[in-house]
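The residues making up each chain are set out below.
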Amino acid sequence: MIRIVIIVLLIAIIFYTISTYNRFQVLRNGAEATLGQIKVALKKRLDMISQLVNTVKSHARFEKETFEKVAALRSGIAKAETPEEISEIEKETRRLMGVINVAVESYPELKTSSIVLELTQAIQDMENEIARHRYTYNNIAQELNTKIDMFPSNLVAAMFGFKKLSYLEFGEEINKTPDTTW
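Residues numbered from 1 in each chain as written. Predicted model: local features only at pLDDT ≥ 70, side-chain atom pairs only at ≥ 80, totals over all residues. Heavy atoms only, no water.

## A word on the packing of helix α1 (residues 2-56) against helix α3 (residues 83-105)
The N-to-C vectors of α1 and α3 enclose an angle of 20 degrees; their axes lie 11 Å apart at closest approach. Classified by the angle their axes make, α1 and α3 are roughly parallel. Like other packed secondary-structure pairs, α1 and α3 cross with a definite hand, here left-handed. The segment α1 lies against α3, with L35, I38, K39, L42, R45, L46, I49, L52, V53 and V56 engaging P83, I86, I89, E90, T93, L96, M97, I100, A103 and V104. (Axes fitted to C-alpha atoms, helices over the stretch in contact; angles between N-to-C directions. Helix = DSSP H or I, 4+ residues; strand = E, 2+ residues; numbered from the N terminus. Parallel < 35°, antiparallel > 145°, perpendicular 65-115°, else oblique. Left-handed = near helix turned anticlockwise from the far one by under 90°. Contact = heavy atoms within 4.5 Å.)

## So, the confidence of the model for the chain
The predicted model of the chain has a mean per-residue pLDDT of 86, with 89% of residues at 70 or higher. At the low end of the mean pLDDT range in the chain sits helix α4 (residues 108-111), at 72; at the high end sits helix α6 (residues 153-160), at 96. Here residues 173-182 is a poorly scored stretch, pLDDT under 50, and it has 24 contacts once near neighbours within four places are set aside; other chains count. (pLDDT = per-residue confidence, 0-100.)

## Focus: the pattern of salt bridges
Scanning all chains against the criterion turns up ten salt bridges. Its salt-bridge partner being E143, residue R23 comes within 2.6 Å of it at the nearest N-O pair. Placement of the pair is R23 in helix α1 and E143 in helix α5 (residues 114-149), with a sequence separation of 120 residues. Looking at R23, the relative accessible area reads 31%, which means it is partly exposed. Taking the shortest distance from any N to any O, the salt bridge between R95 and E92 comes out at 3.0 Å. With R95 and E92 both in helix α3 and three residues apart, the pair spans about one turn of that helix. Connected via shared salt-bridge partners are R45, E90, R94 and E127. (Salt bridge = Lys/Arg side-chain N within 4 Å of Asp/Glu carboxyl O. Buried < 20%, exposed > 50% of the residue type's maximum accessible area, 1.4 Å probe, protein only.)

This is how it looks when you write it as structure tokens:
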């Protein structure tokens, strides 16, 4: 009888370990996929910002630095692998968007231009998409981090080397007065 209890207990421990390991894998893969979606959305937004800059530059005088910053951010997205790197790109993109918004505000004919209005709306739509992906990623990170902190799943996490995920923290407004000190 004791053998049966021990065998059942071992089977339960093995089943728990396997199912917990698989849940950690699902969460980690979900986080990686969501970060990938955020990177794609950031790249799309930078493409739209680039189009907006090209539209606005005929009316406003942009410094060479603005164009270089867009290019640097676009290449930075491909290299970004951690939530911290992605958050930094997001922060710089928002700062750049603030500079562009100030330029648009300075020229009344730009504020009413249909191309500028369409691009601005498309960028805002992309902002909303990025916010949804960030929300999803942070929920996944919270669940994984909680499982890593809680007993007995923390034993499985330690056994297989699962690490906590950093949260994505982005600024909430792109229309803030820009800090142009890059």
